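# Per-entry structural report
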Amino acid sequence: MKLFLLVLKNIRRNLLRSVLTGLGTMVLVVVVIMVWSILWFLDEQTKEKTSNIKAIVTERWQMPSRMPLSYAPELRAGAARKPEHVRPLDSMTWQFYVGSTEPNRFGRETALFIVGTQPEKVLTMFDDLDTLPPDSPDRQRLEKAIQAMKTNRQALLIGRERMEAINKRVGERLKVYGMSLRGVDLEFEIVGVFPEGRWNNLAVMDWEYYNAAIDAYKRRPGVRPHPMTERSLSIVWLKTPDTRSFTAVASQIAASPSFTNPQVKTETLASGTAAFLEAFRDLIWGMRYFLMPAAVVTLCLVIANAISLSVRERRKEFAVLKVLGFRPAHILGLVLGEAILLGVVSGLLSAAGVFVLINVVFGGLKFPIGFFGTFYIPVRAIWWGLGVGAATALIGSLAPAWIACRVRVAEIFARVG
Amino acid sequence: MTIANDFCVQLRGIHKYFFRGSERLDILNGLNLEAPEGEFLALMGPSGSGKTTLLNLIAGLDKPSEGEVWVRDQCISAMSESQLARWRTRNIGFVFQFYHLLPVLTAYENVELPLLLLPLSAAQRRQQVETALELVGLQDRMDHRPGQLSGGQQQRVGIARALVTDPALILADEPTGDLDARSAEEILDLMAELQRSLQKTIILVTHDPRAAARADRILHLDKGRLVDSLPVEPTPVRRSPRGSTRE
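The sections below set out a description of the structure shown in this document. Source: prediction; values computed, not measured. (Residues numbered from 1 in each chain as written. Chains lettered and ligands numbered in written order. Predicted model: local features only at pLDDT ≥ 70, side-chain atom pairs only at ≥ 80, totals over all residues. Heavy atoms only, no water.)

## Focus: the pattern of salt bridges
A full pass over the atoms with the stated rule returns 35 salt bridges over all chains. The residue Arg81(A) makes a salt bridge to Glu74(A) at a minimum N-O spacing of 3.8 Å. Classification of Arg81(A) by relative accessible area gives partly exposed; the value is 43%. For Glu74(A), a relative accessible area of 23% translates into the label partly exposed. For Lys322(A), the salt bridge is made with Glu81(B), and the minimal N-O distance between the two is 2.8 Å. Of this pair, Lys322(A) sits in helix α12 (residues 315–324) while Glu81(B) sits in helix α2 (residues 81–91), which puts the two residues in different chains. The buried category is assigned to Lys322(A), whose relative accessible area is 3%. Classification of Glu81(B) as partly exposed rests on a relative accessible area of 34%. If you follow the salt bridges from partner to partner, you end up with Lys54(A), Asp127(A), Asp130(A) and Arg198(A) in one network. (Salt bridge = Lys/Arg side-chain N within 4 Å of Asp/Glu carboxyl O. Buried < 20%, exposed > 50% of the residue type's maximum accessible area, 1.4 Å probe, protein only. Helix = DSSP H or I, 4+ residues; strand = E, 2+ residues; numbered from the N terminus.)

Written out as structure tokens, the structure reads:
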């Protein structure tokens, strides 16, 4: 404690340099935390679970997946045909529909990516929404919107960001012109928005409304068959209690004679996500093995440079301390203490700052990778900031601290005498 | 290893040399020195004569190439760096020419520095620091930083820092070298007074004959050898010099 006060005073010695070093540390810690948050989130998404497993069934050989809607009932039952077969705990279907609010323009302000599904499944099968606490305002708002979807087939649940992009509000009506399925135009009334998060850019409609529209389209005189009308089912989601049940359901689907043309595949959401992220492999590799280490090494160098300058200026002072009885370990501790304190405080401030700035002020970090458009800084990043600040300060100041503690008093005070 | 004697400092057959490339530079050549307890000893000599090197050896800041350095009953030339650091805290007070106070600390905190290494309570430290600052007449400047003090006042703080652990031996390397004549006189008066009242052994390195004249004994160093010893007329309260030198 006695020496800690000396450390504090030494940091204040050259306040400008300490502040600049601290700011440099903060900037680099921000970079590390943002990259780390994205990588951590993606790692979490691709980490295999052992319980409450979500499985996705898609067309085996084609991306994007297109399956006949007739597959839906049997797939949702996990292809269970015998009493001893395992059935999923829950299921839903997804049918993709891409449209624009203007007939001849498709851009950021007009585009809509809409999923046709069973409205009630939004609360039980959608990631992050299925874990909302029952008494949370987000959950209650969502329940109200889903209730509205049950009575209004043209109801649309939409992400806030998308809704703002197309300049609409809850309660307003809009017409969407089909882009993925030309000629199938849909009319909606916005009944609610998703809670802030990963569904910010998605919209959800009642699958029955979408399928009725497709049927109506097919019945039109002179309309030629369209692949999207024949194969409108994109994904079937299944929830199984554990790995064993998942394996059983996957085997049942694989063994079923109903899914031969086209063939389907069943995989966990984690492995499906990992397969999807393969397209971004180089980007993720660069972030993990180039950007992150580069930021950390730069941070070490910034600290090493600042502490080296400080040590060089204070060689005589360290010699004086030795004359007064300070041991090399004391001096090592003083220099390391200054660097680590600076690193810890800067790292902590930076992490807390980036947490508030990204999550609260900016509403997330926009970094679109597939479905993951917005990333958030996890609370644990505050500890990352502290750890990164402390560790890089320690590494960066080791050499200068060693030089400081090896100062030879006789050499420093060697004068002509 | 310990020896029992009356000497505060004993140097036996000290050689100190360095190598510059293949050339050997002899700084001290077979030097012997004995300084009794309570003596005020002045070391004089031209530039490059080895005065500061000798002082560094006595303080345990450097090691002799050959020979032994004894301070009281301990052979400090055989101690490790850490042992020497511990030993210095309690046994040596060092006064520098350029004061070498830490600019970020107040006079009080500068004087307190060596005490931070000792197992003392805050109250004990405070008492010792206040006593030391009172001895040098700076009790009213405790909260001033070095930059707010004159050269003479800074040197007084340096002397208080050297005294605060109550060491037996005080080493002063040109303590008046950076001061004007008046301040230098005040510092020399103070050192003489402290030596008289506290019975400290003081070894003073100086170029200044007036400063050396305050000592009990003056030793001259030339080319690494002690060439003569000039006893000084003792002041009434001082003890007679008992030390001797041998070449």
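Having seen it, we continue.
## Examining the interface of chain B and chain A
Taken residue by residue, the interface counts 36 residues in chain B and 27 residues in chain A. In total, chain B and chain A occlude about 2700 Å² of area from one another, counting both sides; carbon and sulfur atoms represent 62% of this. Of all residues in chain B, the largest losses of buried area upon contact with chain A belong to Glu81(B), Val104(B) and Leu117(B), amounting jointly to 19% of the total for that side. Broken down by secondary-structure element, the contributors of at least two residues to the side of chain B that touches chain A are α1 (51–58) and α2 of chain B. With 6 residues, the single largest contributor to the side of chain B that touches chain A is α2(B). Partitioned by chemical class, the residues of the side of chain B that touches chain A number 15 nonpolar, 10 polar and 11 charged. (Contact = heavy atoms within 4.5 Å. Buried area = accessible area lost by both parts, 1.4 Å probe. Nonpolar A, V, L, I, M, F, W, Y, C, P; charged D, E, K, R; others polar.)

## Remarks on the environment of Trp61(A)
Looking at the secondary structure, you find Trp61(A) in the loop between β1 (51–59) and α3 (72–76). A polar atom in the side chain of Trp61(A) sits 3.2 Å from the side chain of Gln263(A). (Polar contact = N/O pair within 3.5 Å; in protein donor to acceptor, adjacent residues only side chain to side chain.)

## Some points on the packing of aromatic side chains
Residues and elements named next belong to chain A. What the rule picks out here adds up to 16 aromatic pairs over all chains. Seen from their ring centres, Tyr71 and Phe259 are 4.9 Å apart, and the 70 degrees between their planes marks the pair as edge-to-face. Here Tyr71, found in the loop between β1 and α3, pairs with Phe259, found in the loop between α9 (243–255) and β9 (264–268); they are 188 residues apart in sequence, far enough to count as distant. Note on accessibility: Tyr71 and Phe259 belong to one class, buried. A ring pair is formed by Phe188 and Tyr209, whose centres lie 5.7 Å apart and whose planes are at 80 degrees; its orientation type is edge-to-face. Separated by 21 residues along the polypeptide, Phe188 in strand β6 (residues 186–193) and Tyr209 in helix α7 (residues 207–219) bring together distant segments of the chain. With a relative accessible area of 13%, Tyr209 lands in the buried category. Members of the aromatic cluster, joined through ring pairs, are Trp94, Phe96, Phe113, Phe126, Phe194, Trp199 and Trp237. (Phe/Tyr/Trp six-rings, centres within 6.5 Å; stacked < 30°, edge-to-face > 60°.)

## As for the packing of helix α11 (residues 281–313) of chain A against helix α13 (residues 328–361) of chain A
Residue and element names in this part refer to chain A. Here α11 crosses α13 at 140 degrees, and the two axes come no closer than 11 Å. Relative to α13, α11 is oriented oblique. Seen from above, α11 lies across α13 with right-handed handedness. For the pair α11 and α13, the contacting residues are Ile303, Ile307, Ser310 and Val311 in the first and Val335, Glu338 and Ala339 in the second. When the residues that make up the contact of α11 with α13 are grouped by side-chain class, the tally is 5 nonpolar, 1 polar and 1 charged. (Axes fitted to C-alpha atoms, helices over the stretch in contact; angles between N-to-C directions. Parallel < 35°, antiparallel > 145°, perpendicular 65-115°, else oblique. Left-handed = near helix turned anticlockwise from the far one by under 90°.)

## Quick notes on a nonpolar patch on the surface
A grouping of Leu15(A), Leu16(A), Val19(A), Leu20(A) and Leu23(A) is seen on the molecular surface, where their side chains present a nonpolar patch of about 490 Å² in accessible area. Inspection of the secondary structure puts Leu23(A) in helix α2 (residues 15–45). (Patch = residues over 30% accessible without salt bridge, like charges linked within 9 Å, V, L, I, M, F, W, Y side chains within 5 Å. Areas by Shrake-Rupley, 256 points an atom, 1.4 Å probe, with all protein chains shown as cover.)

## Side note on α12(A)
Taking burial as the measure, the 10 residues of α12(A) include 8 buried ones, the bulk of the element. Following α12(A) by one or two positions, Gly325(A) has its phi on the positive side, about 115 degrees.

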